[in-house]
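Next come the chains, spelled out residue by residue.
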Amino acid sequence: MKYQSTRGGVTGISFKDAVLMGLADDGGLLVPESIPNVSAELASWQGYSYTQLALEVMSRFIDDIPRPALQQIIDKSYSTFADPLVTPLIPLGDHHLLELFHGPTLAFKDIALQFLGNVFEYILEERGHSINILGATSGDTGGAAIAGVRGKHNISIYIMFPEGKTSPLQELQMTSVLDANVHNIGIHGSFDDCQKLMKDIFSDLPFKQRYSLAAVNSVNWTRVLAQVVYYFSAWYQRGCPEQFDVCVPTGNFGNIFAGYIAREMGLPIRRLILATNANDILCRFFNTGVYARHEVQFTHSPAMDIQISSNFERYLFYRLARSPAKVRAFMQSFSDTGSAALSPSASGVDDSVDDVVDDVIVAGSASNAATLDTIKRVYADHGYVCDPHTAVGLAVMAEFHDTQVPLVCLSTAHPAKFEDVMREALPKVLATHPTLEALRLLPTRKTVLETTETDVKAFIEAAGQRGA
Ligand SMILES: *Cc1c(COP(=O)(O)O)cnc(C)c1O
């Protein structure tokens, strides 16, 4: 399988090169040249474990890592999960939840980042290279990225976060990791400042090259690929229904795009229900065909407080009949004016107005009040404590209630990660998790820096000289 960019400037690269490239060199996103159809194999995979399924799904997209080595990478990546099913499906009234939060940091990002860390290590060892991962986080991703690469050879990681602005537990999940290759940097500034620093440092190409800077953000194809697997797992655990719907709490569009790929591979997903919080650019797009940015709002589901979804361009590529020229025009309009629209004939299929509405992806959004109400309702009805991100999914799912086909909602985090919101929603219920409680006793390490490119670069240089 070869990979190409959504913008047409990169073609014919291998999986391994796609992993190392992350964002495509032409500013687009990497996608596989084709999506293999596995409909004929589905019956024979029945009864497979999560890791066996992962091998079957992923090996369709990875032909430059030998199968036994890939199996080892997969086994290692999911051995860190607390549940033997990795992503267990549990009943919730008439529907089901797929719990994606049994990894080391109790959020669904572990599923992709545990795998990505091991794939990086494998490729770098083989090539005798080393890299420095630089990332910016408002809280959740940083911890999962660190957990994915801690202690790994040939990889150092630098994570910047806004000092004093992440939740105490989120900060502990990062700063309690004392491995020599892990560097936590508190920045005196906002999350936007951290992101801007990251952009500025990456655009200094000589610096980027000298230190082999790499990113693990959600544009990396490997992350999407790892997430395709649990859609298959959900279907088998649900008993292989003729069709099913999946509801996905969405921010950067990585999770739901993995579902889109699973469907294209022949998994019988009827609809994907996209659920956003008040940051509803995607919800508006799927209802109107217009992609228009607003200001970011801070909500009870912070991991979804995103206006510009980095993976959306991948979807656009397929929606625009795989035309790099059309993708470039759409993205150019969006970056010039803050808005872009699918024209009725955008897909080149027909001229009807219906054409701007996708039949597969339907969308809704949930306010903070609806999020809190849903947490309360789900607890009252089922005795189940769901986290605020999952609650956004369940709130939107209720709008699309349909008894015709089975419905699965993805549950993206353990509630104990979001103490304040949970206390507000369910003051009498204490959501705790032993992994998080244990963190409170651990020693921590971080460095606090000013918001300047020079300071951060000097820090990376100095750590490199110490060989850390
Ligand atoms: C990242 C995240 C999401 C959003 O997933 P995307 O792939 O960015 O759409 C939802 N919930 C939680 C808890 C997350 O950490």
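Calculation rules
- Residues numbered from 1 in each chain as written.
- Predicted model: local features only at pLDDT ≥ 70, side-chain atom pairs only at ≥ 80, totals over all residues.
- Heavy atoms only, no water.
- Helix = DSSP H or I, 4+ residues; strand = E, 2+ residues; numbered from the N terminus.
- Rg over C-alpha atoms; globule rule 2.2 N^0.38 Å.
- Buried < 20%, exposed > 50% of the residue type's maximum accessible area, 1.4 Å probe, protein only.
- Contact = heavy atoms within 4.5 Å.
- Near = heavy atom within 4 Å.
- Polar contact = N/O pair within 3.5 Å; in protein donor to acceptor, adjacent residues only side chain to side chain.
- Areas by Shrake-Rupley, 256 points an atom, 1.4 Å probe, with all protein chains shown as cover.
- Nonpolar A, V, L, I, M, F, W, Y, C, P; charged D, E, K, R; others polar.
- Pairing = 2+ DSSP bridges.
- Axes fitted to C-alpha atoms, helices over the stretch in contact; angles between N-to-C directions.
- Phe/Tyr/Trp six-rings, centres within 6.5 Å; stacked < 30°, edge-to-face > 60°.
- Core = buried A, V, L, I, M, F, W, Y, C linked by side-chain atoms within 4.5 Å.
- Parallel < 35°, antiparallel > 145°, perpendicular 65-115°, else oblique.
- Left-handed = near helix turned anticlockwise from the far one by under 90°.
- Expected span 1.5 Å × (residues − 1).
- Salt bridge = Lys/Arg side-chain N within 4 Å of Asp/Glu carboxyl O.

Q: Summarise the overall build of the protein; cite the residues concerned and give the values.
A: When its secondary structure is counted, the protein shows 18 helices and 15 strands. Computed over the C-alpha atoms, the radius of gyration of the protein is 21 Å, within 12% of the 23 Å expected from 2.2 N^0.38 for a compact globule of 468 residues. Each principal axis of the C-alpha distribution contributes one length, and for the protein these read about 60 × 55 × 50 Å. Relative to its 468 residues, the protein shows a buried fraction of 59%. Counting contacts in the protein only where the partners sit at least 6 residues apart, residues at least 24 apart contribute 73% of the total.

Q: I'd like to hear about the site of the ligand, residue by residue, with values.
A: Near the ligand you find 15 residues, and of these K109, G251, N252, N255 and T412 are the closest. Between N252 and the ligand, the recorded distance is 2.6 Å, taken from a backbone N or O atom to an oxygen atom. T412 places a polar side-chain atom, nitrogen or oxygen, 2.8 Å from a nitrogen atom of the ligand. The protein chains hide 97% of the 380 Å² of surface that the ligand would expose on its own. Its residues placed into classes, the shell around the ligand shows six nonpolar, seven polar and two charged.

Q: Tell me what's going on with the sheet that holds strand β14 (residues 407–411), and back it up with residues and numbers.
A: Taken together, the six strands give an open sheet; going across it, the order is β3-β4-β14-β9-β10-β13, and neighbouring strands pair in mixed fashion. Both edges of this open sheet fall to β3 (89–92) and β13 (361–365), since each of them pairs with a single strand only. Direction aside, the axes of adjacent strands within the sheet are offset by 25° on average. For strand β4 (residues 95–99) and β14, the ladder comprises four bridges, and the chain directions are parallel. Paired with L97 across the strands is C409, a residue of β14.

Q: Tell me what's going on with the environment of P36, and back it up with residues and numbers.
A: Position of P36 relative to the elements: it lies in the loop between β2 (30–32) and α2 (50–59). Here the alpha-carbon distance between P36 and R293, two residues 257 residues apart in the chain, equals 34 Å. When residues no more than four places from it in sequence are discounted, the contact partners of P36 are M1, R60, F61 and M265.

Q: Which residues make up the packing of aromatic side chains, and what values do they have?
A: Throughout the structure, instances matching the rule amount to 27 aromatic pairs. Aromatic side chains W45 and F232 sit 6.2 Å apart centroid to centroid with 55° between the ring planes, which places their arrangement in the tilted category. Taken together, the residues span a long stretch of sequence, with W45 in the loop between β2 and α2 and F232 in helix α9 (residues 221–237) at a distance of 187 residues. Overall, the relative accessible area of 2% leaves W45 in the buried class. One aromatic cluster in this structure is built from F253, F257, Y260, F285, F286, Y291, F312, Y315, F317, Y318, F330 and F334.

Q: Outline the nonpolar core, listing residues and values.
A: Grouped together as the largest cluster of nonpolar side chains are 108 residues, with contacts concentrated most on M58, Y231 and F232. Discounting residues that sit within four places of it in the chain, M58 has contacts with L70, I74, Y78, F115, L225, A226 and V229. If you look at the next biggest cluster of nonpolar residues, it comprises 27 residues, including L92, C247, A366 and V378.

Q: How would you sum up the environment of T451? Please name residues and give values.
A: Structurally, T451 can be placed in the loop between β15 (447–449) and α18 (453–466). Considered as a pair, T451 and I187 are 264 residues apart in the sequence and their alpha carbons are 6.0 Å apart. When sequence neighbours within four positions are dropped, the list of residues in contact with T451 reads I187, H188, G189, D193 and L197. At 2.5 Å, the side chain of T451 and the backbone oxygen of H188 are in polar contact.

Q: A description of the environment of L426 should follow, citing residues and the corresponding values.
A: The topology assignment puts L426 in the loop between α16 (419–425) and α17 (434–439). Residue classification places L426 among the buried residues on the basis of a relative accessible area of 7%.

Q: An account of the pairing of β3 is needed here, citing residue identities and associated values.
A: In terms of strand pairing, β3 meets β4 through four bridges, oriented antiparallel. Looking at the pairing, P91 lines up with H96 of β4. The hairpin turn running from β3 into β4, its antiparallel successor, is two residues long, and G93 in that turn takes a positive phi close to 60°.

Q: Before we move on, could you go through the packing of helix α12 (residues 312–319) against helix α13 (residues 324–337) and cite the residues and values that matter?
A: The angle between the axes and the distance between the axes are what describe a pair of packed helices. For the pair α12 and α13, interaxial distance at closest approach is 9 Å and the crossing angle is 130°. The orientation of α12 relative to α13 falls into the category oblique. As α12 runs across α13, the sense of the crossing is right-handed. Between α12 and α13, the contacting residues are F312, E313, L316 and F317 on the first element and P324, V327, F330 and M331 on the second. Of the residues in the contact of α12 with α13, the class split is seven nonpolar, no polar and one charged.

Q: How would you summarise helix α4 (residues 109–127) if you had to cite specific residues and measurements?
A: Relative to the 27 Å expected for 19 residues at 1.5 Å per residue, α4 spans 27 Å between its end C-alpha atoms, a close match to the ideal helical length. Counting buried positions along α4 yields 15 of 19 residues, so the element is predominantly enclosed.

Q: Explain the pairing of β4 residue by residue, including any values.
A: With five of five residues buried, β4 is to be regarded as a mostly interior element. Judged by which residues are buried, β4 turns out to be covered on both faces: H95, L97 and E99 on one side and H96 and L98 on the other are all buried.

Q: So what about helix α11 (residues 281–288)? Which residues, and what values?
A: For α11, the tally of buried residues reaches six of eight residues, placing the bulk of the element in the interior. Taken residue by residue, α11 has I281, L282, C283, R284, F285 and F286 as its buried positions. Here the buried face of α11 lies against β10 (269–276), β11 (290–292), α12, α13 and β13. Of the residues one or two after α11, G289 is the one with positive phi, at around 85°.

Q: Let's hear about the pattern of salt bridges: which residues, and what values?
A: Applying the stated criterion across every chain yields a total of 21 salt bridges. Here K16 and E126 are joined by a salt bridge, their closest N and O atoms 2.8 Å apart. Of the two residues, K16 is situated in helix α1 (residues 15–21) and E126 in helix α4; the sequence distance between them amounts to 110 residues. Of the residues examined, K16 reaches a relative accessible area of 10% and is grouped as buried. A relative accessible area of 45% places E126 in the partly exposed class. A salt bridge links D402 to R270, with the shortest nitrogen-to-oxygen separation between them at 2.7 Å. Of the two residues, D402 is situated in the loop between α15 (388–399) and β14 and R270 in strand β10; the sequence distance between them amounts to 132 residues.

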